[in-house]
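Chain residues, written in single-letter form:
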Protein chains: 2
Amino acid sequence: MPDFDRMVLVLKASGRLEPFDGGKFLRSLSRGGISKPVALQVLKEVEAHLHDGISTREIYQMASQLLSSVDLRGSLRYSLKDAIMSLGPSGFPFEDFVASVLSNLGYSVSVGNIVNGRCVKHEVDVIAIKRESAKMVECKYHNYKGVYTGLKEAMYTYARLLDITEGYSERHIGAKIDSAMLVTNTKFSEDAVTFAECRGLELLGWGHPERNGLEKIVDRYMLYPITILRGLEPGEAGTLVSCGLVLVKDLARLKEVEVCEKAGISKGRAMYLRDQARALLA
Amino acid sequence: MPDFDRMVLVLKASGRLEPFDGGKFLRSLSRGGISKPVALQVLKEVEAHLHDGISTREIYQMASQLLSSVDLRGSLRYSLKDAIMSLGPSGFPFEDFVASVLSNLGYSVSVGNIVNGRCVKHEVDVIAIKRESAKMVECKYHNYKGVYTGLKEAMYTYARLLDITEGYSERHIGAKIDSAMLVTNTKFSEDAVTFAECRGLELLGWGHPERNGLEKIVDRYMLYPITILRGLEPGEAGTLVSCGLVLVKDLARLKEVEVCEKAGISKGRAMYLRDQARALLA
């Protein structure tokens, strides 16, 4: 039975207060690949600093700081959600990340296409081609945690697919767009999921599909965005992306001199970032 | 030729700077039904107070204040755009206003319906019935001037219509929904207009259709929302709407005792508001 006298109320991203749940906290660390002894040590430290009204974000930052001193790789992977959430503000467009993820899943991808529909021209965030079939990918990026991508987004993605399939000429990409996928960095609302299943739209988001959500795919194939790295300078993420370094993988593969040349950053910075990248993937 | 030395740059709602245009200003007054001598007098006063960087809003407020001392009705009608823009914040839902406008155009209306589609249940802002045919009306309210209602809104409205026409049972309203209308208090983007025309969606917004936009219909049939009235107390608009007083017309028609009873406001306030309503429609 929970000890109600010692229960601390935590402020969630959604604005709701919820009792702090130590078990859930341990599970989130274990998902980040943190070993049990380290996780228990972090939990003990965190519990000593809890107070009513503390936000999940503060708890997260505390844990992240404690972790980075004992387990750099674990602490980086633990910060995945924040890394994906901070894609936008750091000048790292979400669609570039989505394109990289799909490319690592075996699709040929292109970003920022204009495609003729029956009624209007459409800006298609990503086109992903595998074999003869092309998918239009709509990317919906939210700046806040705790929000949902909902029915309206699913509906306009479907209407765009219809307009494209009814009016699209396959000349310029050599494949016919015949399906659509809506990708978000948040959860989907129940309505959005029901509508998408009914209309054959693919959805990819946080925790969706249940065993194959964006965070699971990213973790399984180690598709960490470079924004997961510590100590990126303002504008640095944007610079790296602009020369094709979207994922930590891309960065880890390069020799330091290439990093410097490609992104126009100093040799010292390049080595620092590359070493972090390698530690994360080790 | 314009006198460039005396040109004053005005800050538009969109954030752009544009030279003050006296002719455009006079036309906006004339649309409000202000007589030419009064309009010229207001223009002269306004020009004496212009300075670089003055916002259209400040100019509007200055004109509105000058007008109300010489022509109450004209000044009220001139503030129509602000009145519609302030529907949301004053607790006066835009869909109630849209329903009232459509009702005055001969439709039977109902607000806030849940309708079964093929895939999901839909919240339909307004259902508008004329003869055997029912229209689903999607209301898109923006809190800011200078923004556009765009392609995404047109696309999800279309997808909702499809889902409803494919799955809808007409049992509970006695008419079949077979068309859709998207109503907004702003302008539409070019893409939205092209898509809507191509897919047979009706659009109603600021300046659209060109000779029959929302502001023109409101003015032609004197369908002013009660938020156009001066000196409404906080929450008063919401109280009036909750008992069915959405338009100035409704308020003007009532005897003062009914106003008091219906809206639970004092006899003095009721008379004050009703007299303003009658002056506006006179």
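Above this text sits the structure in question.
So, here's what we can say about the structure.

Cut-offs applied
Residues numbered from 1 in each chain as written. Chains lettered and ligands numbered in written order. Predicted model: local features only at pLDDT ≥ 70, side-chain atom pairs only at ≥ 80, totals over all residues. Heavy atoms only, no water. Helix = DSSP H or I, 4+ residues; strand = E, 2+ residues; numbered from the N terminus. Contact = heavy atoms within 4.5 Å. Buried area = accessible area lost by both parts, 1.4 Å probe. Salt bridge = Lys/Arg side-chain N within 4 Å of Asp/Glu carboxyl O. Polar contact = N/O pair within 3.5 Å; in protein donor to acceptor, adjacent residues only side chain to side chain. Axes fitted to C-alpha atoms, helices over the stretch in contact; angles between N-to-C directions. Parallel < 35°, antiparallel > 145°, perpendicular 65-115°, else oblique. Left-handed = near helix turned anticlockwise from the far one by under 90°. Nonpolar A, V, L, I, M, F, W, Y, C, P; charged D, E, K, R; others polar. Core = buried A, V, L, I, M, F, W, Y, C linked by side-chain atoms within 4.5 Å. Buried < 20%, exposed > 50% of the residue type's maximum accessible area, 1.4 Å probe, protein only. Patch = residues over 30% accessible without salt bridge, like charges linked within 9 Å, V, L, I, M, F, W, Y side chains within 5 Å. Areas by Shrake-Rupley, 256 points an atom, 1.4 Å probe, with all protein chains shown as cover. Phe/Tyr/Trp six-rings, centres within 6.5 Å; stacked < 30°, edge-to-face > 60°. Lys NZ or Arg CZ within 6 Å of the ring centre and 35° of its normal. Pairing = 2+ DSSP bridges. Disulfide = S-S within 2.5 Å. Lys, Arg positive; Asp, Glu negative; His and termini not counted. Least-squares fit on C-alpha atoms with pLDDT ≥ 70 in both.

### Comments concerning the overall build of chain A
Of regular secondary structure, chain A possesses 13 helices and ten strands. Taking the contacts inside chain A whose residues are at least 6 apart along the sequence as the reference set, 58% of them involve residues at least 24 apart.

### Points about the interface of chain A and chain B
Buried accessible area, meaning the area lost when the parts come together, often serves as the stated size of an interface. Facing the 21 residues of chain A at the interface are 21 residues of chain B. Of the roughly 1,800 Å² buried between chain A and chain B on both sides combined, carbon and sulfur atoms contribute 67%. Where chain A meets chain B, there are four salt bridges. A salt bridge links R199 of chain A to D163 of chain B; the nearest nitrogen and oxygen atoms lie 2.6 Å apart. In this assembly, chain A and chain B are joined by six residue pairs in polar contact (both at pLDDT 80 or more).

### Description of the pattern of salt bridges
Within the structure shown, the criterion is met by 21 salt bridges over all chains. A salt bridge links E138 of chain B to R160 of chain B, with the nearest nitrogen and oxygen atoms 2.7 Å apart. Here R160 of chain B lies in helix α7 (residues 151-167) and E138 of chain B lies in strand β6 (residues 133-140), a separation of 22 residues in the sequence. One continuous salt-bridge network, built from bridges that share partners, spans R118, D163 and E166 of chain A together with R199 of chain B.

### Some details on the packing of α7 of chain B against helix α8 (residues 190-199) of chain B
Residues and elements named next belong to chain B. Contact geometry of α7 with α8 gives a least axis separation of 8 Å together with a crossing angle of 25°. Relative to α8, the element α7 lies roughly parallel. Every pair of crossing elements has a handedness; the one defined by α7 and α8 is right-handed. Of the residues in α8, those in contact with L151, A154, M155 and Y158 of α7 are D191, A192, F195 and R199. For the contact of α7 with α8, the per-class residue count stands at six nonpolar, no polar and two charged.

### Describing the nonpolar core
Ranked by size, the top nonpolar core spans 58 residues in total, and within it I177 and F195 of chain A together with I177 and F195 of chain B carry the most contacts. I177 of chain A has contacts with V115, I127, A134, M136, L161, I164, T165 and Y168 of chain A, leaving out every residue within four places of it along the chain.

### Structural notes on a nonpolar patch on the surface
On the surface, L9, L11 and L17 of chain A cluster together into a nonpolar patch covering about 230 Å² of accessible area. By the element assignment, L11 of chain A lies in strand β1 (residues 9-11).

### Let's talk about the packing of aromatic side chains
Residue and element names in this part refer to chain A. Throughout the structure, instances matching the rule amount to eight aromatic pairs over all chains. Between F94 and Y141, the ring centres sit 5.8 Å apart and the planes meet at 45°, which makes this aromatic pair tilted. Linking F94 in helix α6 (residues 94-104) with Y141 in the loop between β6 (133-140) and β7 (148-149), this pair joins segments that are 47 residues apart in sequence. The exposure class assigned to F94 is buried, which follows from its relative accessible area of 3%. Given the relative accessible area of 21%, Y141 is considered partly exposed. An aromatic cluster of three or more residues is present, and its members are F94, F97 and Y141. Here the guanidinium or amino end of K130 rests over the ring plane of Y107, the centre of that ring lying 4.4 Å away.

### Examining the pairing of β6 of chain B
All names here are of chain B. Within β6, six of the eight residues are buried, which leaves it mostly tucked inside the rest of the structure. Hairpin connection, strand β5 (residues 121-130) to β6: the antiparallel pair is bridged by two residues, and R131 has positive phi, about 50°. Bridging between β6 and strand β8 (residues 176-184) involves eight bridges; their strand directions are parallel. Paired with A134 across the bridge in β8 is I177.

### Observations regarding the state of the cysteines
Disulfides are covalent bonds that connect the sulfur atoms of two cysteines. In total, this model carries two disulfides over all chains according to the counting rule given. Linked covalently through their sulfurs, C119 of chain A and C198 of chain B form a disulfide whose S-S length is 2.0 Å. Linking C119 of chain A and C198 of chain B, the disulfide has an S-S dihedral of approximately -65° and is accordingly described as left-handed. Residue C119 of chain A is found in the loop between β4 (108-116) and β5 (121-130), and its partner C198 of chain B is found in helix α8; the two belong to separate chains.

### Considerations on the environment of K135 of chain A
Residue and element names in this part refer to chain A. Here K135 shows up in strand β6. Separated by 44 residues in the primary sequence, K135 and S179 have C-alpha atoms spaced 4.9 Å apart. The residues contacting K135, other than those within four sequence positions of it, are Y107, V126, I127, A128, S179, A180, M181 and E202. Within the structure, the side chain of K135 is placed 2.4 Å from the side chain of E202, a separation counted as a polar contact.

### Notes on the side chain of E153 of chain A
Residues and elements named next belong to chain A. With respect to the helices and strands, the residue E153 is situated in helix α7 (residues 151-167). Buried charged residue E153 carries no salt bridge. Nearest counter-charge: K140, at 4.1 Å. If we ignore the near neighbours within four places in the chain, the residues touching E153 are K140 and L182.

### So, the sheet that holds β4 of chain A
Residues and elements named next belong to chain A. The strand order across the open sheet formed by five strands is β4-β5-β6-β8-β10, and the pairing between neighbours is mixed. In this open sheet, the two edge strands, each paired with only one partner strand, are β4 and β10 (202-204). Going across the sheet, the axis of each strand differs from the next one's by a mean of 35°, ignoring polarity. Here β4 pairs with β5 via eight bridges, running antiparallel. Looking across to β5, one finds that S110 is bridged to I127. The strands touched by α7 within the sheet are β4, β5, β6 and β8 (176-184), with β8 carrying the most contacts at an inclination of about 165°.

### Points about the relation of the copies chain A and chain B
It takes a turn of 180° to lay chain A on chain B, together with a shift of 0.0 Å along the axis; the resulting RMSD is 0.1 Å. What we have between these two chains is a two-fold relation. Scanning chain A for the C-alpha nearest the rotation axis identifies Y156 of chain A, at a separation of 2.1 Å.

### Some words on the sheet that holds strand β2 (residues 17-19) of chain B
Residue and element names in this part refer to chain B. The three strands lie next to each other as β2-β1-β3, forming an open sheet whose pairing is mixed. Edge positions in the sheet fall to β2 and β3 (54-55), since each of these pairs with one other strand and no more. Pairing of strand β1 (residues 9-11) with β3, which is carried by two bridges, proceeds in the parallel orientation. When the bridges of β3 are listed, L11 appears paired with S55.

Without other data, these values stay purely geometric and don't point to any function.
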